[in-house]
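What follows is each chain in one-letter form.
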Amino acid sequence: MKRFGTRIWLRAAMAAALALPLLAVPESASAATNAFRGVNWADARDNYVDGWVIPTGLTAGDSYDAVRGKADGIITGFQQKLGANTVRLPINPQSVNSDWWGRYKGAADSALSHGMKVIFGYWEANKDGFVDDTNAWNTMWDKVTADYGGNGNVYFEPMNEPFGYSLNDWVSLCSTWLSRHSNIPRGRVLISGTGYNDNVTGVGAASALNGTLLSLHFYGFWASDTTRSAWTTNLSNRLGSYSSRTIIDEAGAPMTTGLDYSAGHQDGNNFTAYFAATTDLARSRQMGVVYWPGLRSGDTYSITRQSGSGLEINNATGVAQLRWGWGL
């Protein structure tokens, strides 16, 4: 996720172009992903960094014990203030193939000790939509899966927003990943949708990826609609018939600008209509949502902020709407 500079326009344009004009597909079967009530814990610089990813609240000099202690307060905040049970953490080769990994693991270990699910997702540094260095990427994933493959509460997302790849090339790369890590159950692997994770119909239809979960991103700056019905159609088109496998593992809206997300204040504004439609559809189809971001300093979308060793919420109506989408 990145919303600054000219990249926002590229993202919006590509997302619109890649959103296939499908009809919304009714689903009678219950989805299986609403067990994921999650938040992204993100680096203040965004997670696209050429160096260590360091989520807000941590520092490069932290020991394992310091990371874990800080994470305990933040993870507890996610649970108590929001009702979250999942945290999505960024990784990259620079972080994992270095001594930072041994310390950064304290964040994941804290979440797991609190009964949370953890999603590890790879962010590139070059911002071109491709894996930066395949050998380093493989080394990274070999290490991460060796350390956490045996924990059933840990999930693996081979790449965030693979917009540089064609569908066929992306399916091929993911198939290779699945073969290399065949000891990981496919139900613990999240395959990103094409483009900016903005459409799962292609990966959902790929037989080579059968059995995996799918990852969708969806944002209100991708269109200018101000009605829930328009946003529902937009999202439905990106899901096709694959809601039962899909986790919306990035979705968010401004939480520090005073918007009211409560009922009666949803239609008529781009972001409130978008967020209502997203959470309504997730609830009705029993889909998981991992909010962007649960915590990231300097981000108007951040639904919490640090307060002492814990967290405080930034928008009570936004939290209520997110919890509604989670089925709480």
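Because the structure is predicted, anything quoted here is derived from the model rather than measured. All chains use their own residue numbering, which begins from 1 and follows the written sequence. For a predicted model such as this one, the threshold for reporting local features is a pLDDT of at least 70, and the threshold for listing and counting side-chain atom pairs is 80 or more; totals across whole chains, interfaces and linings nevertheless cover every residue. For the side-chain quantities, the full set of heavy atoms in the structure was used; hydrogens and water were omitted.

1. Digging into the pattern of salt bridges
Thinking step 1. For this document, the term salt bridge refers to a Lys or Arg side-chain nitrogen within 4 Å of an Asp or Glu carboxyl oxygen. Tallied over the entire structure, the rule returns 13 salt bridges.
Thinking step 2. The partner of Arg88 in a salt bridge is Glu157, and the shortest N-O contact between them spans 2.9 Å. Here the residue Arg88 occupies a position in strand 2 (residues 86-91), and Glu157 occupies one in strand 4 (residues 154-157), the gap between them amounting to 69 residues. The two residues Arg88 and Glu157 agree in class, both being buried.
Thinking step 3. Note that Asp147 is salt-bridged to Lys143, the shortest N-O span being 3.7 Å. Of this pair, Asp147 and Lys143 both sit in helix 5 (residues 134-148), 4 residues apart, which is roughly one turn of the helix. Numbering of helices and strands runs from the N terminus; a helix is a DSSP stretch of H or I covering at least four residues, while a strand is a stretch of E covering at least two. Remark: exposure states derive from per-residue accessible area (1.4 Å probe, protein chains only) relative to the maximum for the residue type, with buried under 20%, exposed over 50%, and partly exposed in between.

2. Some words on the pairing of strand 10 (residues 310-313)
Thinking step 1. Strand pairing is assigned whenever DSSP detects at least two bridges linking the two strands. Strand direction decides the pairing type here: strand 9 (residues 304-307) and strand 10, joined by 4 bridges, are antiparallel. Each residue of the ladder has a partner; that of Gln306, found in strand 10, is Leu311.
Thinking step 2. Linking strand 9 back to strand 10 in an antiparallel pair, the connection comprises 2 residues, with Gly308 at a positive phi of about 65°.

3. A look at the sheet that holds strand 3 (residues 117-122)
Thinking step 1. Ordered by their spatial adjacency, 8 strands build an open sheet running 4-3-2-1-8-7-6-5, and the pairing between neighbours is parallel. Of all the strands in the sheet, just strand 4 and strand 5 (190-192) have a single pairing partner and so form its edges. The average angle at which neighbouring strand axes cross in this sheet is 30°, direction not considered.
Thinking step 2. Both strand 6 (residues 213-217) and strand 7 (residues 246-250) contribute to a ladder of 4 bridges, which runs parallel. The axes used here are C-alpha line fits, helices contributing only the stretch in contact, and every angle between their N-to-C directions lies in the interval 0 to 180 degrees.

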